[in-house]
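# Tertiary structure, described
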Amino acid sequence: MASKSTPRVVIVGAGFGGLNVARGLARHSVQITIVDQKNHHTFQPLLYQVATAGLSPGEIAAPIRSVFRNDPNVISLLEEVRDFDLDRRLVRTAEQDIAYDYLVVAAGATHAYFGHDEWEPYAPGLKTIEDALEIRRRVLLAFELAERQSLSGVATEELNFVVVGAGPTGVELAGTLAEITRHVLAHEFRSIDPSRARILLLEGGPRVLPAYPEDLSRSAEQQLHQLGVEVRTQTMVTQIEPGAVRAGETRMVAPVILWAAGVAASPLGKKLGVPCDRAGRVFVQPDLSIPGHPEVFVIGDLASLKDHDGKQLPGLAPVAMQEGKYVAQLIRRELAGQPREDFRYWDKGSLATIGRSAAVAQFGKLHISGFIAWLAWLFVHIFFLIGFRNRVLVFIQWAWSYLTYERGARLITGDTTLPGWRGMYPAETPVPPRAEEKLPTKAAS
Ligand SMILES: Cc1cc2nc3c(=O)[nH]c(=O)nc-3n(C[C@H](O)[C@H](O)[C@H](O)COP(=O)(O)OP(=O)(O)OC[C@H]3O[C@@H](n4cnc5c(N)ncnc54)[C@H](O)[C@@H]3O)c2cc1C
């Protein structure tokens, strides 16, 4: 047990940032309390695999409690943090106030619908295990409903899958959906042909993967085409309704619409009462603390910081991890009477997967595409997964599905309806007319 004078470190959020702070302090003489609204750490880069039935939730998440099983100075609390009292050094949850000497806020980001929160029920985003399971449900259900409709001899719904936003998440979702329709499900239905499903990736800007160099964007778009994805750049979505997307004057029916177009920082950032950027990220000092409170740190997706070249640090796992390790080291050093040093981000490169054997990678000036980039992506993601068991399981699952095209987690659970699905029309009833299917290639708003 910690003595009364043992410094208390409270960490809000056990994502990549928070987990690394706790790991960096766990074997030291501090009392650590991790507060998270989930009981598990989620390896977000593999969420799309759960959403597309390649992996099960337990393979990409780890109970926080089990991660710190052997660290008696780490307490894990399943609670939502609501507010802070920085003057009295308290973290506020619905049920209690938790006192701290050091506070690390690592609450990450959420989806942003650019002021159209009403779109969310029709176009879920991908951030949590729950989101991934909902997407999986919708994707698999669309095929089941289409088969049922077709076997009943009624006019069949068109299987359009629209992904909005061509950043890394949109690209990997679209690429994997194409793989499912072309290979995984292709021979399992009797009345419909899943391989005729259309996968559309809509992007408001001029190119996919806009944060990557142009040559890699071009290569990614080419690889998407090869996988069977229709890419529409400069296509601004102006409306989402049940089972349909509008881009300007054009309306497209789509039983499954997925949102990968925007993120905003956790609303907890604003509760700290210090300046935030337009996305709600907290402007932090070079030592990741907030102005006026050297004992309070904000890290990961919730922090806004520029690197030494003046470039905004991206919302990526390595940034959150390095910031977490840095804050743990800073606290250790400070408790040992040593001065603070500024945080420096070491950019080791970036990788984006597109689908089977398709990816792009940038390591400094070296740009790679295709199979080699995909292998690099695969090994990096297995290496950084939390827990040895998960690494082994994911490796086996991937090897198996690479050889057989099988996806082992194709379960539909929960509701068996889709927003806007037209249901059973008698055979003689024509399918209700719909607008031109081609979406414009110019920005529509
Ligand atoms: C689908 C997807 C794919 C991605 N792919 C990649 C990739 O390939 N490579 C890459 O580098 N990055 C990727 N990222 C980004 C990366 O996951 C984030 O940059 C990283 O998770 C940020 O870490 P974090 O610790 O700041 O926040 P998170 O990892 O998001 O953790 C935040 C934690 O805070 C908790 N929390 C939030 N609010 C509260 C509250 N009020 N009370 C209590 N707990 C709270 C949450 O439950 C969560 O556990 C991806 C993200 C997503 C969503």
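Anyway, here's the lowdown on the structure attached to this text. (Residues numbered from 1 in each chain as written. Predicted model: local features only at pLDDT ≥ 70, side-chain atom pairs only at ≥ 80, totals over all residues. Heavy atoms only, no water.)

This part is about the overall build of the chain. Secondary structure summary: the chain contains 10 helices and 25 strands in total. Dimensions of the chain, computed from the C-alpha atoms along their principal axes, are close to 80 × 40 × 40 Å. Taking all 445 residues of the chain together, 53% fall into the buried category. Of the contacts formed within the chain by residues at least 6 apart in sequence, a portion of 65% connects residues at least 24 apart. Of the roughly 20,500 Å² that the chain leaves accessible, carbon and sulfur atoms contribute 53%. Seen as two clouds, the 47 positive and the 48 negative side-chain charges of the chain have centres 3 Å apart. (Helix = DSSP H or I, 4+ residues; strand = E, 2+ residues; numbered from the N terminus. Buried < 20%, exposed > 50% of the residue type's maximum accessible area, 1.4 Å probe, protein only. Contact = heavy atoms within 4.5 Å. Areas by Shrake-Rupley, 256 points an atom, 1.4 Å probe, with all protein chains shown as cover. Lys, Arg positive; Asp, Glu negative; His and termini not counted. Charge placed at Lys NZ, Arg CZ, Asp CG, Glu CD.)

Right, let's get into the site of the ligand. Taken together, 30 residues lie around the ligand, and Gly17, Asp36, Gln44, Val81 and Asp301 are the ones closest in. Note that an oxygen atom of the ligand is positioned 3.2 Å from one of the backbone N or O atoms of Phe16. Asp301 is positioned such that a nitrogen or oxygen atom in its side chain is 2.8 Å from an oxygen atom of the ligand. Protein contact buries 89% of the 1,000 Å² of open area that the ligand shows by itself. Looking at the shell around the ligand, the elements with two or more residues in it are α1 (16-25), β2 (31-36), α6 (168-184) and α8 (317-335). In terms of residue count, the dominant contributor to the shell around the ligand is α8 (3 residues). Classifying every residue of the shell around the ligand gives 13 nonpolar, 10 polar and 7 charged. (Near = heavy atom within 4 Å. Polar contact = N/O pair within 3.5 Å; in protein donor to acceptor, adjacent residues only side chain to side chain. Nonpolar A, V, L, I, M, F, W, Y, C, P; charged D, E, K, R; others polar.)

Looking now at the sheet that holds strand β24 (residues 358-363). Judged by pairing direction, the sheet is antiparallel, and its 3 strands sit side by side in the order β23-β24-β25 without closing on themselves. Two strands in the sheet have a free side with no partner beyond their single neighbour: β23 (350-355) and β25 (366-369). Each adjacent strand pair in this sheet contributes to an overall mean axis angle of 5°, direction not counted. Across 5 bridges, the pairing between β23 and β24 is antiparallel. For Gly355, the partnering residue across the bridge sits in β24 and is Ala358. (Pairing = 2+ DSSP bridges. Axes fitted to C-alpha atoms, helices over the stretch in contact; angles between N-to-C directions.)

It is worth spelling out the packing of aromatic side chains at this point. Tallied over the full model, the rule gives 13 aromatic pairs. Each ring, one from Phe16 and one from Phe43, has its centre 5.5 Å from the other, and the planes form 70°; the classification is edge-to-face. Here Phe43 lies in the loop between β3 (40-42) and α2 (47-51) and Phe16 lies in helix α1, a separation of 27 residues in the sequence. We note that Phe16, like Phe43, is buried. Each ring, one from Trp377 and one from Trp398, has its centre 5.5 Å from the other, and the planes form 40°; the classification is tilted. Residue Trp377 is located in helix α9 (residues 371-384), and its partner Trp398 is located in helix α10 (residues 388-404); the two are separated by 21 residues in the primary sequence. Comparing Trp377 with Trp398, the two get one shared label, buried. In this structure an aromatic cluster arises from ring pairing among Tyr113, Phe114, Trp119 and Trp259. (Phe/Tyr/Trp six-rings, centres within 6.5 Å; stacked < 30°, edge-to-face > 60°.)

Counting residues in each nonpolar core, the largest one holds 70 residues, and the members touching the most others are Leu46, Phe143, Phe161 and Leu201. Sorting elements by how many residues they give to this core places helix α5 (residues 129-151) first, with 9 residues. When sequence neighbours within four positions are dropped, the list of residues in contact with Leu201 reads Val163, Gly165, Ala166, Gly170, Val171, Ala174, Val208, Leu224, Val229, Glu230, Val231 and Arg232. With 54 residues, the next largest nonpolar core counts Ile34, Val91, Tyr326 and Ile386 among its residues. (Core = buried A, V, L, I, M, F, W, Y, C linked by side-chain atoms within 4.5 Å.)

Taken together, the side chains of Phe379, Phe388, Val392, Phe395 and Ile396 define a hydrophobic patch exposed on the protein surface, amounting to about 520 Å² of accessible area. When residues of the nonpolar patch are assigned to their parent elements, the largest contribution, 4 residues, is made by α10. The residue Ile396 is located in helix α10 in this model. (Patch = residues over 30% accessible without salt bridge, like charges linked within 9 Å, V, L, I, M, F, W, Y side chains within 5 Å. Salt bridge = Lys/Arg side-chain N within 4 Å of Asp/Glu carboxyl O.)

What follows covers the pattern of salt bridges. With the rule as written, the count across this model stands at 20 salt bridges. Two residues, Arg246 and Glu241, come together in a salt bridge whose shortest N-O distance is 3.3 Å. What makes Arg246 partly exposed here is its relative accessible area of 28%. For Asp277, the salt bridge is made with Arg281, and the minimal N-O distance between the two is 2.8 Å. Judged by relative accessible area, Asp277 falls into the buried class, the value being 15%. For Arg281, a relative accessible area of 22% translates into the label partly exposed.

One non-glycine residue, Arg89, lies in the positive phi region at around 55°. Unlike most non-glycine residues, Tyr405 shows phi in positive territory, near 65°. Tracing the backbone shows Tyr405 in the segment after α10. On the basis of relative accessible area, Tyr405 is assigned to the partly exposed category, the value being 29%.

It is worth spelling out the sheet that holds strand β17 (residues 256-259) at this point. Strands sit in the order β13-β12-β11-β17 across an open sheet of 4 strands; the sheet is parallel. In the strand order of this sheet, the two ends are held by β13 (229-232) and β17, each with one partner. Mean inter-strand twist for the sheet, computed between neighbouring axes without regard to direction, equals 20°. Pairing of strand β11 (residues 160-164) with strand β12 (residues 198-202) involves 5 bridges; the strand directions are parallel. Across the sheet, residue Asn160 finds its bridge partner in β12, namely Arg198. α5 rests against β11 and β17 of the sheet, and its axis sits at about 160° to β17.

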